[in-house]
Amino acid sequence: LETERLTLRGRLTLKEADARRLAVSINGDVSAVRMLLEPFAPIEELKVEQAAVQCVELAAKHAEYLGLLAEIAAMKKALGN
């Protein structure tokens with residue numbers, strides 16, 4: 001039983017590290033989209049196509065991030081945290 005708890009704690013630590021790395025990547029994507037869609041730029045200068053591609057990637061990462069958060073919550077609950 002203790003071995004299972006230690007294994008779960010190790011997996012939890014890895015998932016939390018994955019979530020932190022993904023959060024940094026998501027924040028970078030959000031910044032990139034903001035730069036591509038600068039609010040005071042003339043409309044003809046907006047990089048809409050590039051922003052759309054970036055947003056698709058962002059959406060995939062966001063879904064993955066939410067999945068990781070759910071896994072982390074379930075692991076913590078199993079550990080009694």
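Up top you'll find the structure we're talking about.
Residues numbered from 1 in each chain as written. Predicted model: local features only at pLDDT ≥ 70, side-chain atom pairs only at ≥ 80, totals over all residues. Heavy atoms only, no water.

**Digging into the overall build of the protein chain**
Okay, step 1: Each helix and strand counted, the protein chain has two helices and zero strands in total.
Okay, step 2: For a compact globule of 81 residues, the expected C-alpha radius of gyration is about 12 Å, and the protein chain comes in at 18 Å, more than 25% above that figure.
Okay, step 3: Taken along its principal axes, the extent of the C-alpha atoms in the protein chain is 65 × 15 × 15 Å.
Okay, step 4: Counting only residues that meet the buried cut, the protein chain has 21% of its 81 residues in that class.
Okay, step 5: Here the analysis covers contacts within the protein chain between residues at least 6 apart in sequence; of these, 73% occur between residues at least 24 apart.
Okay, step 6: Of the roughly 6,000 Å² of accessible surface on the protein chain, 62% is carried by carbon and sulfur atoms. (Helix = DSSP H or I, 4+ residues; strand = E, 2+ residues; numbered from the N terminus. Rg over C-alpha atoms; globule rule 2.2 N^0.38 Å. Buried < 20%, exposed > 50% of the residue type's maximum accessible area, 1.4 Å probe, protein only. Contact = heavy atoms within 4.5 Å. Areas by Shrake-Rupley, 256 points an atom, 1.4 Å probe, with all protein chains shown as cover.)

**A word on the nonpolar core**
Okay, step 1: Counting residues in each nonpolar core, the largest one holds nine residues, listed as Leu12, Ala19, Leu22, Ile26, Leu58, Leu68, Ile72, Met75 and Leu79.
Okay, step 2: Secondary-structure elements contributing two or more residues to this core are α1 (2-36) and α2 (48-79).
Okay, step 3: Considering each element in turn, this core owes the most residues, five residues, to α2.
Okay, step 4: Contact partners of Met75, with chain neighbours within four places excluded, come to Leu8, Arg11, Leu12 and Lys15. (Core = buried A, V, L, I, M, F, W, Y, C linked by side-chain atoms within 4.5 Å.)

**A few points about the environment of Arg34**
Okay, step 1: Following the sequence through the fold, Arg34 ends up in helix α1.
Okay, step 2: Arg34 sits in the exposed class, given a relative accessible area of 60%.
Okay, step 3: Distance from Arg34 to Ala51, taken between C-alpha atoms, is 8.3 Å for residues 17 residues apart in sequence.

**Re α2**
Okay, step 1: The end-to-end C-alpha distance of α2, which contains 32 residues, comes to 46 Å, matching closely the 46 Å that a straight helix rising 1.5 Å per residue would cover.
Okay, step 2: Where α2 is concerned, the buried positions are Ala51, Gln54, Leu58, Leu68, Ile72, Met75 and Leu79.
Okay, step 3: The secondary structure elements touched by the buried residues of α2 are α1. (Expected span 1.5 Å × (residues − 1).)

**Concerning the side chain of Gln54**
Okay, step 1: Positionally, Gln54 belongs in helix α2.
Okay, step 2: The contact partners of Gln54, leaving out residues within four places of it in the chain, are Asp29, Ala32 and Val33.

**Brief notes about α1**
Okay, step 1: Over its 35 residues, α1 extends 51 Å from the first C-alpha to the last, a length consistent with the 51 Å expected when each residue adds 1.5 Å.
Okay, step 2: Turning to α1, its buried residues are Leu12, Ala17, Ala19, Leu22, Ile26, Asp29, Ala32, Val33 and Leu36.
Okay, step 3: Turning to α1, the residues buried within the fold contact α2.

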